[in-house]
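Observations on the three-dimensional arrangement
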Amino acid sequence: LVAVLAALAAAYTAYRLWRRFRPRRAASVAPAVAPIVVDSRPAHVAALLELDRLEAERLPQQGRLREHCTRLSEIVRRYLGARFGFDGLDSTSSEVLQAIASRPVTGDDRAIVREILASTDWVKFARGAAGIEEALGFVGQARLLVEHTRERVLEPTGSAP
C-alpha cells in the first residue's frame, strides 16, 4: 500500500511539474481586423483601370462568360455608386436605375446602364448565353458610360500673377 501511495504521489508531482513548466500556447488573441481600404482615386479612374484589367484577362475567350459578366456588373455598379453617392454594389438593377434617374445622366447613358445590367443579370442569374463579341462589347459600353458621366474638374483659366 505504501508503494502504491508513493507511486501516486510521484505521478501527481510529475503532473504538477509538467503543467507548470510546459511550453505555453499563445494566449488566444483576437484575429487582426483587416484595415479598411479607402480608394482615394476619382471613381472614373478606378473604373477605367478595373475595365482595363477585366479586358486583359480575356475571360469570355476562356469560356468564363459568367465570371466576366459578374465582374463587369460589379465594376459598373461600384462606379455609379461612387460617382453618384449611393451603394451600387448592394442595389438591385432596378434600384441602380432608380438612383441615377434623378442624377445628371443623359437618356442615352441610362439606356447603356439598363442594357449592361439587364444583359449581365441574364447571364449571371438566368444562365443565359451572350456571345463573346457581345460580352466584349459591354466592356466598351461601360467605358463609354464612364467617360460620359465622369466628374469634370474645371481647370483654372487666365494667367497667375
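One can find the structure itself at the top, above this paragraph.
A brief structural summary.

Let us look at the side chain of histidine 68. Within the fold, histidine 68 resides in helix 3 (residues 65-84). Of the residues examined, histidine 68 reaches a relative accessible area of 0% and is grouped as buried. In contact with histidine 68, not counting residues within four places along its chain, are Leu54, Leu59, Pro60, Ala135, Leu136 and Val139.

Running from N to C, helix 3 and helix 5 (residues 107-125) point in directions that differ by 145 degrees, and their axes come no closer than 9 Å. The two elements helix 3 and helix 5 cross, and the hand of that crossing is left-handed. In this structure, helix 3 uses Leu65, Arg66, Cys69, Thr70, Leu72, Ser73, Val76, Arg77 and Leu80 to contact helix 5, whose residues at the interface are Val113, Ile116, Leu117, Thr120, Asp121, Val123 and Lys124. Grouping the constituent residues of the contact of helix 3 with helix 5 by class yields nine nonpolar, three polar and four charged.

Turning next to unusual backbone geometry. Although it is not a glycine, arginine 58 sits at a positive phi angle of roughly 50 degrees. Within the element layout of this structure, arginine 58 appears in the loop between helix 2 (43-57) and helix 3. Taking the relative accessible area as the measure of exposure, arginine 58 reaches 46% and is therefore partly exposed.

The rules behind each value
- Residues numbered from 1 in each chain as written.
- Predicted model: local features only at pLDDT ≥ 70, side-chain atom pairs only at ≥ 80, totals over all residues.
- Heavy atoms only, no water.
- Helix = DSSP H or I, 4+ residues; strand = E, 2+ residues; numbered from the N terminus.
- Buried < 20%, exposed > 50% of the residue type's maximum accessible area, 1.4 Å probe, protein only.
- Contact = heavy atoms within 4.5 Å.
- Axes fitted to C-alpha atoms, helices over the stretch in contact; angles between N-to-C directions.
- Left-handed = near helix turned anticlockwise from the far one by under 90°.
- Nonpolar A, V, L, I, M, F, W, Y, C, P; charged D, E, K, R; others polar.

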